[in-house]
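Results of the structural survey
Listed here are the chains, written in short residue letters.
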Amino acid sequence: MYRTNATTMKPSNGKKQVKPIKPFNVIVFGGDGDLAFRKIYPALFHRYADNQLTVDFSIFPVTRSTRKHATFKDEVRKFIAESTDYAVKPEVIDVFISRIHLKCIPEHELVNYEDLQKSLEKTPNHQNLYYLSTPSEAFGPICACLKHAGLVNSSSKVVLEKPLGNSLASSQEINSMISSCFHENQIYRIDHYLGKETVQNLMVLRFANHLFENAWSADHIDNVQITVAESLGVENRGGYYDNSGALLDMVQNHLLQLLCLIAMEPPSRLEANIVRNEKLKVLNSLRLFNKKSVVTETVRGQYTRGIVDGKQLNSYLEDIEEYESNTETFVAIQAHIDNWRWKGTPFYLRTGKRMPKRYSEIVINFKSVKHNVFSYEEIPGNRLIIRLQPEERIELVQMTKIPGPGGYRYKPISLKLDYMDSFNERFPEAYERLIVDVLRGEQTLFMRQDELEAAWIWIESIVDGWAASKQKNVLYEAGTWGPGEQIMKEDHMWSTSYSYLNDNL
Ligand code: BG6
């Protein structure tokens, strides 16, 4: 259905590839939001400081409330300074800041876009990148106003922050409004996990190493575990989070994208739609849940008060200042991919807030050897551990002989590749890579509409299953690994993953 239009990324064999970027304007709606200050402006700055943005460009933060230009710029400066862990000449920051031109658009009405229109018309040959970092209900009205103001042409692009709606129907509705103003090849649905270096390394790990690809199937892999644990709670995002929960906030996008990268077939070429076609096939092969399977194959939880390092942490309800809420802050799912490669290999997805430690990890648990020549016990299978953050590394756990007398005694030892130590370079933040990809028209790392819909269909089978089975949250104390212990006692399917988690952290 989709023809590919993106530039082909040729394998680089270690040489840096420099692809030209056309002069541009970035127009950030939600320009005084947390994401804009913490991620978007610093990302643009670091690419600029790294000499990647050598062309003419301007940044137009769009805010709804009136703000003073000078104080706004000071704020941007502060966030840039906080995000910088290397020496930058102050004049580099000054030049960057001078390219920021604040616009206040109180409501999404045509007349209010005139000022923006006048500014953008001064640079008719620039590509305009509209970054929508607002609640998704505003996406449609903003796009419609841009179109009416004549601000959308074939070189314009629109970047959409998640969540795109809160159900399949609402996301389709929002998408159809956006699609009436922009073509699919101008739409960039961002999932910042795909911009993380270690996540991109999954592609190289899988498709540049014959060793792994040969063993990458249910014939050899017993189960796959994808964990994204966060030590933070909901912070000041209670309003948004209470309507999403862990399932929509994390699983629907980040965890499913990780699952796709692990499970997809090798794409024939590294072109956006070829890669996305393969990811779509995985999403379409996910087994849907029903009222019964959701009870045995998913767990939802919510954090209560807890003590970490002697400090009392609030419960979720205290954090959102409500007396009750059925929103989950933890979710664990046993997913099945019903295709030839993965039939019989469960994928355990798990994410939660207020865990003891922030870490994201994928563990590939290989099957054990068919016959143990050393004793009658089963030999634990090899394990490939891909730590995405914070200590980026890859470990291959293999059985090794314990030296000395006493017969063939063996134990698991890890071969470790520390990603940071191996590459003595600054790792660009996910948003840096993603924004530059948008400027270059490279869509590989962005979700296509049909991928999003396939993800929603699977997620809704869980939401509907939870509603039909009236599944409640299992409470867990803040600062613990979630409702695992209780589940282990019940000899639930999670025991493999939880015992692993407890052994290893
Ligand atoms: C965001 C979620 O998409 O990802 C947040 O909305 C979450 O709730 C964040 O904290 C996690 O991102 P990272 O990069 O810190 O793992």
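Residues numbered from 1 in each chain as written. Predicted model: local features only at pLDDT ≥ 70, side-chain atom pairs only at ≥ 80, totals over all residues. Heavy atoms only, no water.

What follows covers the state of the cysteines. Considering all chains together, one arrives at 0 disulfides under this definition. No disulfide involves C181; its nearest neighbouring cysteine sulfur is the one of C143, lying 5.3 Å away. (Disulfide = S-S within 2.5 Å.)

Right, let's get into helix α9 (residues 238-263). Its maximal kink placed at G245, α9 deviates by approximately 100°. By the criterion of burial, α9 is predominantly enclosed, with 22 of the 26 residues buried. (Bend = angle between axes of the 7 residues up to and from the residue. Helix = DSSP H or I, 4+ residues; strand = E, 2+ residues; numbered from the N terminus. Buried < 20%, exposed > 50% of the residue type's maximum accessible area, 1.4 Å probe, protein only.)

With respect to spatial proximity, the complete set of residues near the ligand consists of K162, H192, Y193, K196, E230, R237, D249, M250, H254, K353, R358 and Q389. E230 is positioned with one of its side-chain polar atoms (N or O) 2.4 Å from an oxygen atom of the ligand. Separating an oxygen atom of the ligand from a side-chain N or O atom of R237 is a distance of 2.8 Å. Here the ligand, which alone exposes 390 Å², has 81% of that area covered by the protein. Broken down by element, the shell around the ligand gets its largest block of residues, 3 residues, from α9. (Near = heavy atom within 4 Å. Polar contact = N/O pair within 3.5 Å; in protein donor to acceptor, adjacent residues only side chain to side chain. Areas by Shrake-Rupley, 256 points an atom, 1.4 Å probe, with all protein chains shown as cover.)

Here we come to the pairing of strand β5 (residues 157-160). With burial as the criterion, each face of β5 is covered, one bearing K157 and V159 and the other bearing V158 and L160. Judged from the 4 bridges that link them, strand β4 (residues 127-132) and β5 form a sheet pairing that is parallel. Within the sheet, the bridge partner assigned to Y130 lies in β5 and is V158. Handedness of the crossover joining β4 and β5 through helix α5 (residues 139-148) is recorded here as right-handed. Considered for its hand, the β-α-β crossover made up of β5, helix α6 (residues 168-179) and strand β6 (residues 187-189) is right-handed. (Pairing = 2+ DSSP bridges. Right-handed = clockwise from strand over helix to strand, strands pointing away.)

Moving on: a nonpolar patch on the surface. Taken together, the side chains of V373, F374 and Y408 make up a nonpolar region of the molecular surface, amounting to roughly 370 Å² of accessible area. The residue F374 is located in the loop between β13 (359-366) and β14 (383-389) in this model. Overall, the relative accessible area of 43% leaves F374 in the partly exposed class. (Patch = residues over 30% accessible without salt bridge, like charges linked within 9 Å, V, L, I, M, F, W, Y side chains within 5 Å. Salt bridge = Lys/Arg side-chain N within 4 Å of Asp/Glu carboxyl O.)

Right, let's get into unusual backbone geometry. At the junction of K162 and P163, the peptide bond is cis and its omega measures out at -5° in the coordinates. Looking at the element boundaries, P163 is found in the loop between β5 and α6. The omega angle of the peptide bond from Q389 to P390 is 0°, so this bond is cis rather than trans. Within the chain, E235 stands out as a residue other than glycine whose phi angle is a positive 50°. Along the chain, the position of E235 falls in the loop between β7 (221-229) and α9. Look at E235 and you get partly exposed, because its relative accessible area is 42%.

In the structure shown here, the tally under the stated rule is 3 cavities of 30 Å³ or more. Roughly 70 Å³ of internal volume is contained in the largest cavity. Surrounding the largest cavity, L160, E161, K162, P163, L164, R189, I190, Q252, N253, M447 and L452 form its lining. A class-by-class count of the residues in the lining of the largest cavity yields 6 nonpolar, 2 polar and 3 charged. Its volume calculated, the second largest cavity comes out at about 40 Å³. Lining the second largest cavity are T198, N201, I386, R387, L388, E392, R393, I394 and Y419. Elements represented by at least two residues in the lining of the second largest cavity include exactly α7 (197-207), β14 and β15 (393-401). Examining the composition of the lining of the second largest cavity, we find that 3 residues originate from one element, β14, more than from any other. Broken down by class, the residue content of the lining of the second largest cavity amounts to 4 nonpolar, 2 polar and 3 charged. (1 Å grid on protein atoms, 1.4 Å probe; cavity = no way out; pocket = protein on both sides within 12 Å on 5 of 7 lines; lining within 4 Å. Points joined across faces, edges and corners; volume = space filled by probe spheres on them. Nonpolar A, V, L, I, M, F, W, Y, C, P; charged D, E, K, R; others polar.)

What the rule picks out here adds up to 28 salt bridges. A salt bridge links R393 to E395, with the nearest nitrogen and oxygen atoms 2.7 Å apart. The class for R393 is partly exposed, based on a relative accessible area of 23%. Beyond isolated ion pairs, a larger network of salt bridges with shared partners links R206, E213, E265 and R341.

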